[in-house]
Amino acid sequence: MSLSYGSGFAEIYEVVYRGRGKDWADEARTVAEMATARFPAAATLLDVACGTGAHLETFRDLFDHVEGVDRAPAMRAVAEARLPGVPIHDGDMRDFDLGRTFDVVCCMFNSIGYVGGLPSLRAALCSMARHLVPGGVLVVEPWYFPETFVDGHVAGDLVNQDGLTVARVSHTVRHDRTTTLEVRFLIGDRHGIRDLKQVSVLTLFTKDEYLTAFAQAGCPAAYIEGGLANRGMFVGVRQ
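All of these numbers come straight from a predicted model, not from anything done at the bench.

Student: What exactly am I supposed to notice about the sheet that holds strand β7 (residues 164–175) here?
Tutor: Strands in a sheet are paired, the pairing made by backbone hydrogen bonds, and the direction either parallel or antiparallel. Pairing within the open sheet is antiparallel, and its four strands lie in the order β6-β7-β8-β9. In this open sheet, the two edge strands, each paired with only one partner strand, are β6 (153–161) and β9 (192–203). Adjacent strand axes in the sheet meet at a mean angle of 15°, parallel and antiparallel pairs treated alike. In this structure, strand β8 (residues 178–189) lies alongside β9, joined through twelve bridges in antiparallel fashion. Among the inter-strand pairings, T180 is bridged to a residue of β9, identified as V201.

Student: I'm lost on the state of the cysteines in this one. Help?
Tutor: A covalent bond between the sulfur atoms of two cysteines is referred to as a disulfide. Enumeration over the complete set of coordinates arrives at zero disulfides. For C50, which is in no disulfide, the shortest distance to another cysteine sulfur is to C106 and amounts to 9.3 Å. Classification of C50 as buried rests on a relative accessible area of 6%. In this model C106 remains outside any disulfide bridge; the closest cysteine sulfur is found in C107, 7.6 Å from its own.

Student: Would you mind showing me how to read the pattern of salt bridges here?
Tutor: Any two side chains of opposite charge can pair, given that their charged atoms come close. Counting across every chain of the model gives 15 salt bridges. In this structure, the salt-bridge partner of K22 is E27, at a minimum N-O distance of 2.8 Å. Given the relative accessible area of 8%, E27 is considered buried. The salt bridge partner of D157 is R168, with a shortest N-O separation of 3.7 Å. On the criterion of sequence distance, the pair formed by D157 in strand β6 and R168 in strand β7 is long-range, its members being eleven residues apart. By relative accessible area, R168 is classed as buried at 4%. Residues joined by salt bridges that share partners form a network here, namely E14, R18, E57 and R82.

Student: Before we go on, may I ask you to explain the nonpolar core in this structure?
Tutor: Generally speaking, nonpolar side chains in soluble globular proteins are found buried as a group. Within the largest apolar cluster, 50 residues are counted, with the highest numbers of intra-cluster contacts made by I12, L45, L56, F59, F63, V139 and F185. If you tally residues by element for this core, the top one is helix α1 (residues 7–19), at seven residues. By size, the runner-up hydrophobic cluster in this structure holds 26 residues, among which are V48, A124, L125 and F205.

Student: I keep staring at helix α6 (residues 207–216) and nothing clicks. Help me out?
Tutor: Considered for burial, the residues of α6 that qualify are E209, Y210, A213 and F214. In an axial view of α6, the angular spread of the buried residues amounts to 135°, which keeps them on one side of the axis. The positive-phi residue at the C-terminal boundary of α6 is G218, with phi of around 75°.

Student: Can you help me understand unusual backbone geometry in this one?
Tutor: If a residue is not glycine, its phi is most likely negative; likewise, a peptide bond is most likely trans. Within the chain, A49 stands out as a residue other than glycine whose phi angle is a positive 60°. Mapped onto the elements, A49 comes out in the loop between β1 (44–48) and α3 (54–62). Positive phi outside glycine occurs at F109, with the angle close to 55°. With respect to the helices and strands, F109 occurs in the loop between β4 (102–107) and α5 (118–130).

So, how was this worked out
- Residues numbered from 1 in each chain as written.
- Predicted model: local features only at pLDDT ≥ 70, side-chain atom pairs only at ≥ 80, totals over all residues.
- Heavy atoms only, no water.
- Pairing = 2+ DSSP bridges.
- Helix = DSSP H or I, 4+ residues; strand = E, 2+ residues; numbered from the N terminus.
- Axes fitted to C-alpha atoms, helices over the stretch in contact; angles between N-to-C directions.
- Disulfide = S-S within 2.5 Å.
- Buried < 20%, exposed > 50% of the residue type's maximum accessible area, 1.4 Å probe, protein only.
- Salt bridge = Lys/Arg side-chain N within 4 Å of Asp/Glu carboxyl O.
- Core = buried A, V, L, I, M, F, W, Y, C linked by side-chain atoms within 4.5 Å.
- Arc of directions from axis to C-beta.

Written as structure tokens, this is what we have:
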């Protein structure tokens, strides 16, 4: 599982993606609608790979009780500061155990792509399903599929916000089922200019592999086209 979110990235994370058009509040409302359409009485939610808690901030207003889990200390620190009173746990999605169940479990923003190979995908979905009540809903936003990934894709963005300027350039390459996303940031503020490099390795799983892993976890799912970022969504219900 390759993922490294240091404190420098955690500080600019939301600025960068908000500048790219990401709306965490709207996404959280969409996920809540998907879940409550299948489980109208849903009152509790767990956000797996919750990051800085940007989705949880809205989930907290939509559910009676919410919690988050993430393995990156810098991201958890931001979430904890933002959401006092909301439990934010240290955990790896492949084998975490919080000792309780929820009505809804979600894993957003292609975080599932970081798990590694197919056995790790199955382990992660089993871990999430174990944290659901019978009839509970599991919502997972995937990374790209093998047939939709664009090898060699380059993207660039420039964001200005409250005296902070961030230039972002990314390059993604594919090696069989593995994709390597290299991102370089140039960050300027009143203290000066600094740079930051992030390299992430994500796995391309097929739709059938996702659906089979959901079923094996006791949580048969459907794939919904479009989703939040045109990569679709998987929505399963715990048997």
